[in-house]
Amino acid sequence: MSRPGPAVRVERLGFSYPGRRAPVLQGLSLAVAVGERVAVLGANGSGKTTFALHLNGLLELQSGRIEIHGRPLAPDTLRAIRREVGLVFQDPDDQLFMSTVGEDVAFGPANLGVAGDALEGVARQALGRVGAEALIDRAPHHLSEGEKRRVALATVLAMHPGVLVLDEPTSGLDPAGTRELAELLPTLDNTQIIVTHDLPFALA
């Protein structure tokens, strides 16, 4: 089903952390078209992660407005928007907590009622999209950083989000892992917002 308007619209977003005199975000506005890939660049501490955490409501709006496919972010839409906006955290260990990769990837769909062969199929499909289906029976803590990145991405893709937000996706990756990720992302059909301070990666 086609969705009218931009995938993401942010209007005059502002946010301040308690105890900080200056706001982290002030008057931030942007629109991201459906299917577009956008890099959000900035130095460490510039508010990039704060912005990312707003997009699926992990930080409560203080000022401004966020719309996802025309639906405003609000308490009564939060559940639906969190299904639509998949956030891959900067540290993949924050998303990997089960005994096996397959269990991690299946966790979200299982909570939506998917079960049995269908659940295994969803997990395998998500892992296949990131080239990691062979890892399905592995323990997450035995994976390399690059493998963890792929699996963390698969846990989000298993929920079929329309919008994919990646927070500093090259953090901890060696050059080969960074190159693999740069080659992987264009193969995904989600709208993508890539938060990074890594200019060469953004250009790639």
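You'll find the structure just up there.
Keep in mind that this is a model prediction, so the values were computed, not measured.

(A) Structural detail: the overall build of the protein. In terms of helices and strands, the protein carries seven helices and eight strands. Over its C-alpha atoms the protein spans a radius of gyration of 17 Å, differing by no more than 12% from the 17 Å that the globule rule assigns to 204 residues. Expressed along its principal axes, the backbone C-alpha trace of the protein runs to roughly 45 × 35 × 35 Å. For the protein, the proportion of contacts with a sequence separation of at least 24, taken over those separated by at least 6, is 66%. As displayed, the protein has an accessible area near 10,300 Å², and 51% of this comes from carbon and sulfur atoms. Across the protein, the 19 positively charged side chains and the 24 negatively charged ones have centroids separated by 7 Å.

(B) Representation of the packing of helix 3 (residues 101–111) against helix 5 (residues 145–157). Where helix 3 contacts helix 5, the axes come no closer than 7 Å and their chain directions differ by 30 degrees. The angle between helix 3 and helix 5 places the two elements in the roughly parallel class. In the crossing of helix 3 with helix 5, the sense of the turn from one axis to the other is right-handed. Mapping the contact onto sequence places Val101, Asp104 and Val105 in helix 3 and Val151, Ala154 and Thr155 in helix 5. Residue composition of the contact of helix 3 with helix 5, by class: four nonpolar, one polar and one charged.

(C) Layout of the pairing of strand 3 (residues 37–41). Burial along strand 3 is one-sided: Val38 and Val40 are buried, while Arg37, Ala39 and Leu41, pointing the other way, are not. Here strand 3 runs beside strand 8 (residues 191–196); their pairing, made up of five bridges, is parallel. Directly across from Leu41, in strand 8, lies its bridge partner Thr196.

(D) A look at the layout of surface pockets. Volume-wise, the largest pocket comes out at about 620 Å³. At the level of elements, helix 2 (78–84), strand 6 (85–88), helix 3 and helix 5 are the ones that each hand at least two residues to the lining of the largest pocket. Ranked by the residues each element gives to the lining of the largest pocket, the list is headed by helix 3, at four residues. Of the residues contributing to the lining of the largest pocket, the split by class is ten nonpolar, six polar and five charged.

(E) Local environment of helix 3. For helix 3, the complete set of buried residues consists of Val101, Gly102, Asp104, Val105, Ala106, Gly108 and Pro109. Count one or two residues on from helix 3 and you reach Gly113, which has phi positive near 100 degrees.

(F) The environment of Gly102, seen in detail. Position of Gly102 among the secondary structure elements: in helix 3. By relative accessible area, Gly102 is classed as buried at 12%. Note: C-alpha distance between Gly102 and Val130 (28 residues apart in sequence) is 13 Å. Setting aside anything within four residues of it in sequence, one finds Gly102 in contact with Ala123 and Ile136.

(G) Just the packing of aromatic side chains, in detail. Applying the stated rule across the entire model yields two aromatic pairs. Ring centres of Phe97 and Phe107 lie 5.1 Å apart, and the angle between their planes is 85 degrees; this geometry places the pair in the edge-to-face category. Residue Phe97 is located in the loop between strand 6 and helix 3, and its partner Phe107 is located in helix 3; the two are separated by ten residues in the primary sequence. Phe107 gets classed as partly exposed once you look at its relative accessible area, which sits at 37%.

(H) Spotlight on the environment of Asp94. With respect to the helices and strands, the residue Asp94 is situated in the loop between strand 6 and helix 3. In this structure Asp94 comes out as exposed when scored by relative accessible area, which is 52%.

(I) How the structure looks around the sheet that holds strand 3. Spatially, four strands are ordered 3-8-7-6 in an open sheet, and the strand pairing comes out parallel. At either end of the open sheet lies a strand with only one pairing partner, and these are strand 3 and strand 6. On average, each strand axis in the sheet is tilted by 15 degrees relative to the strand beside it, whichever way the strands run. Lying over the sheet, helix 5 contacts strand 6 and strand 7 (163–167), oriented at roughly 165 degrees with respect to strand 6.

Definitions and cut-offs
- Residues numbered from 1 in each chain as written.
- Predicted model: local features only at pLDDT ≥ 70, side-chain atom pairs only at ≥ 80, totals over all residues.
- Heavy atoms only, no water.
- Helix = DSSP H or I, 4+ residues; strand = E, 2+ residues; numbered from the N terminus.
- Rg over C-alpha atoms; globule rule 2.2 N^0.38 Å.
- Contact = heavy atoms within 4.5 Å.
- Areas by Shrake-Rupley, 256 points an atom, 1.4 Å probe, with all protein chains shown as cover.
- Lys, Arg positive; Asp, Glu negative; His and termini not counted.
- Charge placed at Lys NZ, Arg CZ, Asp CG, Glu CD.
- Axes fitted to C-alpha atoms, helices over the stretch in contact; angles between N-to-C directions.
- Parallel < 35°, antiparallel > 145°, perpendicular 65-115°, else oblique.
- Left-handed = near helix turned anticlockwise from the far one by under 90°.
- Nonpolar A, V, L, I, M, F, W, Y, C, P; charged D, E, K, R; others polar.
- Buried < 20%, exposed > 50% of the residue type's maximum accessible area, 1.4 Å probe, protein only.
- Pairing = 2+ DSSP bridges.
- 1 Å grid on protein atoms, 1.4 Å probe; cavity = no way out; pocket = protein on both sides within 12 Å on 5 of 7 lines; lining within 4 Å.
- Points joined across faces, edges and corners; volume = space filled by probe spheres on them.
- Phe/Tyr/Trp six-rings, centres within 6.5 Å; stacked < 30°, edge-to-face > 60°.

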